[in-house]
Amino acid sequence: MFKFQSSAIENITEVQDGQVTITFVGGRDYTYKVTDPSTFVSDLNTVIKEDESVGRFVNQAIRSEQLMAL
């Protein structure tokens, strides 16, 4: 589990079998296929470390199809 503060995202699970579950504020869970798990995890850790917007990162990952809804 990743540790971060976000106004849009409550939780992001560890990537398992190429999938990740993201819990948005309000409790909505969505599971996504991660096209490149190692890059996704590395980029997410950088966003968290640099205290950047996790919500923006997730949104960009969805739009760029790095995360694909199941």
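You'll find the structure just up there.
What counts and what doesn't
Residues numbered from 1 in each chain as written. Predicted model: local features only at pLDDT ≥ 70, side-chain atom pairs only at ≥ 80, totals over all residues. Heavy atoms only, no water. Helix = DSSP H or I, 4+ residues; strand = E, 2+ residues; numbered from the N terminus. Buried < 20%, exposed > 50% of the residue type's maximum accessible area, 1.4 Å probe, protein only. Contact = heavy atoms within 4.5 Å. Pairing = 2+ DSSP bridges. Axes fitted to C-alpha atoms, helices over the stretch in contact; angles between N-to-C directions. Phe/Tyr/Trp six-rings, centres within 6.5 Å; stacked < 30°, edge-to-face > 60°. Expected span 1.5 Å × (residues − 1). Arc of directions from axis to C-beta.

Moving on to the environment of Gly55. With respect to the element layout, Gly55 can be found in helix α2 (residues 54-63). Gly55 sits in the buried class, given a relative accessible area of 17%. Considered as a pair, Gly55 and Phe24 are 31 residues apart in the sequence and their alpha carbons are 9.0 Å apart. Ignoring sequence-local partners within four residues, the contact set of Gly55 consists of Ser6, Ala8 and Ile9.

To continue, consider the sheet that holds strand β2 (residues 19-24). Ordered in space as β1-β2-β3-β4, the four strands form an open sheet in which the pairing is antiparallel. Only two strands of the sheet have a single partner each, and these edge strands are β1 (9-12) and β4 (67-69). On average, each strand axis in the sheet is tilted by 35° relative to the strand beside it, whichever way the strands run. Two elements, β2 and strand β3 (residues 29-34), share five bridges in a ladder whose sense is antiparallel. Bridge pairing in β3 places Thr23 opposite Asp29.

Counted by the stated rule, this structure contains two aromatic pairs. A ring pair is formed by Phe24 and Tyr30, whose centres lie 5.6 Å apart and whose planes are at 75°; its orientation type is edge-to-face.

Turning our attention to unusual backbone geometry. A negative phi holds for most residues other than glycine; trans holds for most peptide bonds. A positive phi angle, near 55°, is found at Asp17, a position not held by glycine. Note on placement: Asp17 falls in the loop between β1 and β2.

One face of the sheet, then the other: side chains in a regular strand alternate in exactly this way. Judged from the three bridges that link them, β1 and β2 form a sheet pairing that is antiparallel. Bridge pairing links Ile9 to Phe24 in β2. Once β1 ends, the chain turns through six residues before running back antiparallel as β2, passing Asp17 with a positive phi of about 55°.

Bringing helix α1 (residues 37-49) into the picture now. In this model α1 runs 18 Å from its N-terminal to its C-terminal C-alpha over 13 residues, within 8% of the 18 Å that 1.5 Å per residue would give. Of the residues making up α1, those classed as buried are Phe40, Leu44 and Val47. Across the axial projection of α1, the buried residues extend over an arc of 60°, all falling on one side. Turned more than 90 degrees off the buried face of α1, the exposed positions are Ser38 and Lys49.

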